[in-house]
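Overview (structure and organization)
Residue strings, one per chain:
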Amino acid sequence: MMETNSRVVVGEGTGQVVFSQKERLTLIAGPCQMESREHAFMMAGKLVELCRSLGLRLVYKSSFDKANRTSLSGKRGIGLEKAMEIFADLKREFGFPVLADIHTEEQCSQVAETVDILQIPAFLSRQTDLLVAAAKTGRTINVKKGQFLAPWDMKNVLAKFTMSGNPNVLLCERGASFGYNTLVSDMRSLPIMAALGAPVVFDATHSVQQPGGQGGSTGGQREFVETLARAAVAVGVAGVFVETHEDPDNAPSDGPNMVPLEAMPRLLEKLLAFDAIAKA
């Protein structure tokens with residue numbers, strides 16, 4: 001069986017990023033859902049400016065389709081074709097790698113033509129055919145641990161990628177189901193998954209979700225994003241995943257758990273300080 005890479009490199013040139021438990025933190029950030037070209041460029045520009053000021057490596061994240069909405073009335077996004085055009089233009093303008101969710105086997109090869117990191121949603125983390133199709137693109141994979149899985153169960157998920165010929169895998173913690181409409185983050189999962197040989201990312205914003213908590217949509221407690229992110233970075237992670245928006249309360253999806261854009265500088269400064277101590 002092919003071994004997993006404990007140091008995953010993504011992108012090229014000045015925009016290249018590294019995911020490693022032993023090196024400086026990398027940020028995955030952006031709005032939950034891609035809303036328009038104008039909005040994507042505005043958000044990307046603000047995040048690039050912020051990350052440059054902090055010396056922080058950035059992967060820009062946004063979803064072209066929110067396929068697992070709570071209800072049929074939920075806004076799903078602008079679609080694959082239009083989003084890929086925008087992602088390509090963002091990469092040309094800013095030079096950073098980009099990340100997007102995939103939901104079907106057919107999407108893997110289409111999205112991989114443009115996107116640098118294919119993300120497997122937590123609900124789909126055991127879907128073998130999807131995982132194999134994603135692995136065969138050769139792109140880096142960020143697989144979110146299912147809310148229903150123990151951290152040691154990710155060994156089998158990881159093996160599906162490596163046995164399909166792709167060692168460039170990130171394991172992402174986003175909380176575990178705890179009763180109804182609630183997730184909890186077990187910080188033990190971070191070193192347990194890191195021991196499997198892959199870099200670990202902590203998803204700070206989805207970890208404060210309250211799935212279905214608003215009846216027809218998902219709720220969240222964004223006031224606890226910093227608490228959990230600080231704890232995870234203090235334990236030691238290769239990257240942190242933070243969804244952000246200039247006006248979360250009016251965002252089309254995941255607003256209750258997204259960090260306001262204006263709060264990002266303070267949050268990232270604190271996380272980098274914890275990261276420096278954890279990796280000293």
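To be clear, the structure that these remarks concern was listed above.
What comes next concerns the included structure.

Procedures and definitions
- Residues numbered from 1 in each chain as written.
- Predicted model: local features only at pLDDT ≥ 70, side-chain atom pairs only at ≥ 80, totals over all residues.
- Heavy atoms only, no water.
- Disulfide = S-S within 2.5 Å.
- Buried < 20%, exposed > 50% of the residue type's maximum accessible area, 1.4 Å probe, protein only.
- Core = buried A, V, L, I, M, F, W, Y, C linked by side-chain atoms within 4.5 Å.
- Helix = DSSP H or I, 4+ residues; strand = E, 2+ residues; numbered from the N terminus.
- Contact = heavy atoms within 4.5 Å.
- Axes fitted to C-alpha atoms, helices over the stretch in contact; angles between N-to-C directions.
- Left-handed = near helix turned anticlockwise from the far one by under 90°.
- Nonpolar A, V, L, I, M, F, W, Y, C, P; charged D, E, K, R; others polar.
- Salt bridge = Lys/Arg side-chain N within 4 Å of Asp/Glu carboxyl O.
- Polar contact = N/O pair within 3.5 Å; in protein donor to acceptor, adjacent residues only side chain to side chain.

**A look at the state of the cysteines**
One pass over the full model with this rule turns up zero disulfides. Free of any disulfide, Cys-32 has its nearest cysteine sulfur in Cys-172, 13 Å distant. Taking relative accessible area as the criterion, Cys-172 reaches 0% and is therefore assigned buried.

**As for the nonpolar core**
Judged by nonpolar contacts, the single largest core of 69 residues is most densely connected at Leu-27, Tyr-60, Phe-87, Ile-120, Val-143, Phe-161 and Met-264. Top contributing element to this core by residue count: helix H1 (residues 37-54), with eight residues. Ignoring anything within four residues of it in the chain, the contact list for Leu-27 reads Cys-51, Leu-56, Arg-57, Leu-58, Val-59, Val-240, Val-242, Met-264 and Leu-268. If you look at the next biggest cluster of nonpolar residues, it comprises 13 residues, including Leu-170, Cys-172, Ala-238 and Phe-241.

**Considering the packing of H1 against helix H8 (residues 264-278)**
At a closest axis distance of 11 Å, the pairing of H1 and H8 adopts a crossing angle of 35°. As for the relative orientation of H1 and H8, their crossing is right-handed in sense. Taken together, the residues of H8 that come into contact with H1 (itself represented by Leu-47, Leu-50 and Leu-54) are Met-264, Pro-265, Leu-268, Glu-269 and Leu-272. Residue classes in the contact of H1 with H8 are distributed as seven nonpolar, no polar and one charged.

**Quick notes on the pattern of salt bridges**
For the structure on display, the rule yields 14 salt bridges. For the salt bridge of Lys-61 with Glu-243, the shortest nitrogen-to-oxygen distance reads 2.5 Å. With Lys-61 in strand S4 (residues 57-61) and Glu-243 in strand S14 (residues 239-245), this pair connects stretches of sequence that are 182 residues apart. By the burial criterion, Lys-61 is buried, and Glu-243 matches it. For Asp-249, the salt bridge identified is with Arg-222, shortest N-O distance 2.9 Å. Placement of Asp-249 in the loop between S14 and strand S15 (259-260) and of Arg-222 in the loop between strand S13 (219-220) and helix H7 (225-235) is noted, with a sequence separation of 27 residues between them.

**What about the side chain of Thr-162?**
Structurally, Thr-162 can be placed in helix H5 (residues 154-162). For Thr-162, a relative accessible area of 2% gives the class buried. Within the local environment of Thr-162, its side chain forms a polar contact with the backbone oxygen of Ala-159, the two atoms lying 3.3 Å apart.

**Things to note about the environment of Leu-50**
Within the secondary structure, Leu-50 is located in helix H1. Sequence separation of Leu-50 and Cys-108 is 58 residues, and the distance between their C-alpha atoms is 31 Å. If near-sequence neighbours (up to four positions away) are discounted, Leu-50 is found in contact with Met-264, Pro-265 and Leu-268.

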